[in-house]
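A closer look at the structure
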Amino acid sequence: MLNVSLYRYNPETDEAPWMQDTQIDTAGKDLMVLDVLERLKATDPSLTFRRSCREGVCGSDGVNMNGKNGLACITPLSETVKNNKLVVRPLPGLPVVKDLVVDMSMFYAQYEKIQPYLINNTPAPGIERLQTPEEREKLDGLYECILCACCSTSCPSFWWNPDRFIGPAGLLQAYRFLADSRDTATEERLSRLDDPFSVFRCHGIQNCVSVCPKGLNPTRAIGHIRNMLLQRAT
Amino acid sequence: MGMVTSITNYGRSGLSDWMAQRVSGVVLLCYVVFLTFFMLTNPALTFNEWEALFQQNWMRTFSLLALLSMIVHAWVGLWSVTTDYITTRQLGAIGTPLRLFLQGVAALLAFYYLVWGIQILWGI
Ligand code: SF4
Ligand code: SF4
Ligand code: FES
């Protein structure tokens, strides 16, 4: 039997969040954490969490498992369980809507700020805007982000200033468009980032890197942005 | 965050803060390395030798530079810490007045240390 402790909070009936301790028989199988949650929900339908693809593609089921953020659907018990115990909490730092579901508005607001779309006002060519293979390669390690928010909600700088610090996820995408040879708004993008909070609240602690389920490296992208700001100023 | 924020530095360039932090850090490191080296190469240091060192104009200038760097370094660091923890988000309504008060105290202290440091450096 695996001991499971779940963060529960129903704002309509609970005065405060509480931890529900329960047990589940995994029959010795190395289940994914999402499977455990699904099984528990089968016995208690009020348990609430997000999920969709159940294969690490959609980014819906970011949660905090035994203290570390990750996607429940691709985190096997063997990777997270310590002393036969699994503790599941919502992603830290964001308001809880219910149980494991957090309000992602602040996270998306930061994403929106960096203008996550190609800006190019020159007349579009007949077929498409071409890139050389080298130019295209610069986007590797950036475009794969699924916006699960595991990184930003593990970042202390984002906890303290979620309204002013863009956070690792947003900054990774900011660099994705700064690095795109087809984008012509580099100067405008950089000028929107050069305040003491948007980029410079990153202190390089790399919590973001250690949790990203896609193996991406926001800290490196943030370093690139800083260098671009530096070059622009000198 | 708009116009009003520039007085509390929200509108300042993050890059210049970042550079100031790096440059002042390097100056402080040089100063510490120099003093350590000086003491290691003068193991039987007397008061007169120490005084003679600080009577050279370049040493006074170097010391003043280090003092200014310390002030810049401390200011950028403390500003960053106070805007992390002493905010309306963390503490409620008291956050902003408390932060401005603490930043004011830090600024006054820094100015006081600067004047005091100049008095010491050029008073001996
Ligand atoms: S490296 Fe920067 S963005 Fe990543 S967790 Fe640390 S402070 Fe946050
Ligand atoms: S960078 Fe990684 S952890 Fe952050 S939102 Fe994208 S996929 Fe998730
Ligand atoms: S359910 Fe889609 S990423 Fe986990």
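I will try to describe carefully the structure that is included in this document. Note that this is a predicted model, so its numbers are computed, not measured. (Residues numbered from 1 in each chain as written. Chains lettered and ligands numbered in written order. Predicted model: local features only at pLDDT ≥ 70, side-chain atom pairs only at ≥ 80, totals over all residues. Heavy atoms only, no water.)

Details of the site of ligand 1
All names here are of chain A. Selection criterion: Working definition: residue near molecule or strand if any one of its non-hydrogen atoms lies within 4 Å of it. Numbering of helices and strands runs from the N terminus, with a helix taken as a DSSP run of H or I at least four residues long and a strand as a DSSP run of E at least two residues long. Only Asp, Glu, Lys and Arg are considered charged, only Ala, Val, Leu, Ile, Met, Phe, Trp, Tyr, Cys and Pro nonpolar, and every remaining residue, Gly among them, polar.
What surrounds ligand 1 is the set Cys-155, Phe-165, Pro-168, Cys-202, His-203, Gly-204, Ile-205, Gln-206, Asn-207, Cys-208, Thr-219 and Ile-222. Counting residues per element, the ones that place at least two in the shell around ligand 1 are helix 8 (207-211) and helix 9 (218-233). Of the residues belonging to the shell around ligand 1, the class tally is seven nonpolar, five polar and no charged.

Looking at the layout of surface pockets
Residues and elements named next belong to chain B. In plain terms, the rule: Using protein atoms alone on a 1 Å grid, points that fit a 1.4 Å probe yet trap it form a cavity, whereas open point sets bounded by protein on both sides within 12 Å along at least five of seven lines form a pocket; residues with an atom within 4 Å of a point count as lining. Grid points are joined across faces, edges and corners, and a volume is the space filled by probe spheres set on the points.
Of the volumes computed, that of the largest pocket is approximately 540 Å³. Among the secondary structure elements, those contributing two or more residues to the lining of the largest pocket are helix 1 (14-41), helix 2 (47-55), helix 3 (57-85) and helix 5 (95-123). Looking at the lining of the largest pocket, its residues break down into 20 nonpolar, two polar and one charged.

Considerations on helix 1 of chain B
Quick reminder of the rule: What a helix is expected to span follows from its residue count: subtract one and scale by 1.5 Å. When checking whether two residues touch, look at their non-hydrogen atoms; a contact exists if any pair is within 4.5 Å. Pairs of N or O atoms within 3.5 Å make up the polar contacts considered here, provided that, within protein, one atom can donate a hydrogen while the other can accept it, and that residues adjacent in sequence are counted only when both atoms are side-chain atoms.
Spanning 28 residues, helix 1 of chain B covers 41 Å between terminal C-alpha atoms, matching the ideal 40 Å at 1.5 Å per step. On its buried side, helix 1 of chain B packs onto helix 9 of chain A together with helix 2 and helix 3 of chain B. Of the residues that open helix 1 of chain B, the one with a side-chain oxygen 3.1 Å from the backbone nitrogen of B:Leu15 is B:Ser13.

Topic: the nonpolar core
So the rule is basically this: Nonpolar cores were defined as sets of buried Ala, Val, Leu, Ile, Met, Phe, Trp, Tyr and Cys residues, with membership established by side-chain atoms within 4.5 Å. Here the term buried applies to any residue with accessible area under 20% of the maximum for its type, exposed to any over 50%, and partly exposed to those in between, with areas from a 1.4 Å probe on protein chains only.
Counting 63 residues, the largest nonpolar core has A:Val4, A:Val33, A:Val36, A:Leu86, A:Leu171, A:Leu193 and A:Ile225 as its most contacted members. The set of elements that each furnish at least two residues to this core consists of strand 1 (2-8), helix 1 (33-43), strand 3 (62-65), strand 5 (85-89), helix 6 (167-178), helix 8 and helix 9 of chain A together with helix 1 of chain B. With residues up to four places along the chain from it excluded, the contact list for A:Leu171 reads A:Phe165, A:Ile166, A:Leu193, A:Ser198, A:Val199, A:Ile222 and A:Ile225.

Description of the site of ligand 2
All names here are of chain A. Quick note on the threshold: Criterion for pocket placement: a molecule counts as inside a cavity or pocket if more than half of its atoms are within 2 Å of its grid points.
Taken together, Cys-145, Ile-146, Leu-147, Cys-148, Ala-149, Cys-150, Cys-151, Ala-169, Leu-172, Cys-212, Pro-213 and Lys-214 make up the full set of residues adjacent to ligand 2. Assessed atom by atom at 2 Å from the grid points, ligand 2 resides in the second largest cavity. By residue class, the composition of the shell around ligand 2 is eleven nonpolar, no polar and one charged.

Things to note about the interface of chain B and chain A
Going by this rule: Reported buried area values correspond to the accessible surface (1.4 Å probe) lost by two parts on association, with both partners' losses combined. For salt bridges, the criterion is a side-chain nitrogen of Lys or Arg within 4 Å of an Asp or Glu carboxyl oxygen.
Contacts between the two partners involve 17 residues from chain B and, on the opposite side, 18 residues from chain A. In total, chain B and chain A occlude about 1500 Å² of area from one another, counting both sides; carbon and sulfur atoms represent 58% of this. The interface formed by chain B and chain A holds two salt bridges in total. Here chain B is connected to chain A by nine residue pairs in polar contact (both at pLDDT 80 or more). Elements supplying a minimum of two residues to the side of chain B that touches chain A: helix 1, helix 3 and helix 4 (88-91) of chain B. Its residues assigned to classes, the side of chain B that touches chain A comprises seven nonpolar, six polar and four charged.

Purely geometric stuff here, so don't read any function into it on its own.
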